[in-house]
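For reference, the chains in residue letters:
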Amino acid sequence: MYIYYNVNPKGKTIGDCVVRAISLTLDIDYNVVENVLLENSYKNKCNVISRECYGKVLEEQYGLPLFKPKDITVGELSRLFKEHKLIIRIEGHLTCSIFGNIMDIWNTENEIVDVFWVAN
């Protein structure tokens, strides 16, 4: 099920999906996540919104395992992992599923999952 949710403190709805998804899924303050990602980007000389850059934070700093599914939609994945919190990457966007609910500023339910991280 899709639920509109925006954790951006200024109500911003563009350009910050990485921060929004991580903040909501891990229950970490938006500004803290933004600073961690910027520090990692500077330290590793990578683009903060590239999967390689934020993936390093998710895997190494927060200890989240990465999974690479085949041909599954965000909605299907969300239903399969309804007991978990997920950070989900689709082409050009990061979203999340919290206990079976896709929470984002737009409905990604029918989008194909590229990779995902399990938070619990």
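Going by the structure above, here's the rest.
Thresholds applied
Residues numbered from 1 in each chain as written. Predicted model: local features only at pLDDT ≥ 70, side-chain atom pairs only at ≥ 80, totals over all residues. Heavy atoms only, no water. Helix = DSSP H or I, 4+ residues; strand = E, 2+ residues; numbered from the N terminus. Buried < 20%, exposed > 50% of the residue type's maximum accessible area, 1.4 Å probe, protein only. Pairing = 2+ DSSP bridges. Core = buried A, V, L, I, M, F, W, Y, C linked by side-chain atoms within 4.5 Å. Contact = heavy atoms within 4.5 Å. Disulfide = S-S within 2.5 Å.

Chemist: Would you take a moment to explain the side chain of T73 for this structure?
Modeler: Its place among the elements puts T73 in the loop between β2 (66-67) and α4 (74-80). What makes T73 buried here is its relative accessible area of 15%.

Chemist: Would you mind going over the sheet that holds strand β4 (residues 93-98) with me for this structure?
Modeler: Sheet strands line up and pair through hydrogen bonds in the backbone, either parallel or antiparallel. Strand order in this open sheet of six strands is β1-β5-β4-β3-β6-β2, and the pairing throughout is mixed. Edge positions in the sheet fall to β1 (2-4) and β2, since each has one partner strand and no second. Where β4 and strand β5 (residues 101-104) come together, three bridges link them in antiparallel fashion. Each bridged residue has a counterpart across the sheet, and for I98 the counterpart in β5 is N101.

Chemist: Whenever I open this one, the nonpolar core confuses me. Can you help?
Modeler: Soluble globular proteins: nonpolar side chains tend toward being buried together. In this structure, I22, L37, L94 and W117 are the most contacted members of the largest nonpolar core, which totals 21 residues. Every element with two or more residues in this core is listed here: α1 (17-26), α2 (30-44), α3 (51-61), β4 and β6 (113-118). Here the element with the most residues in this core is α1; it accounts for six residues. With residues near it in sequence (within four places) discarded, I22 still touches D27, V33, L37, L58, I87 and L94. Among the nonpolar cores identified, the runner-up in size contains 10 residues, and I72, V74, I88 and I90 belong to it.

Chemist: Can you help me understand the state of the cysteines in this one?
Modeler: The bond known as a disulfide is covalent and runs between the sulfur atoms of two cysteines. With the rule as written, the count across this model stands at one disulfide. The disulfide bridge from C46 ends at C53, spanning 2.0 Å between sulfur atoms. Linking C46 and C53, the disulfide has an S-S dihedral of approximately 55 degrees and is accordingly described as right-handed. No disulfide involves C17; its sulfur sits 11 Å from the nearest other cysteine sulfur, which is in C96. Owing to a relative accessible area of 16%, C17 belongs among the buried residues under this scheme.

Chemist: Is there a simple way to explain unusual backbone geometry in this structure?
Modeler: Negative phi values dominate among residues other than glycine, just as trans dominates among peptide bonds. Here K45, not a glycine, exhibits a phi torsion of approximately 50 degrees, which is positive. A positive phi is found at D71, a non-glycine position, where the angle reads about 50 degrees. Considering the arrangement of structural elements, one finds D71 in the loop between β2 and α4. Given a relative accessible area of 73%, D71 falls into the exposed group.

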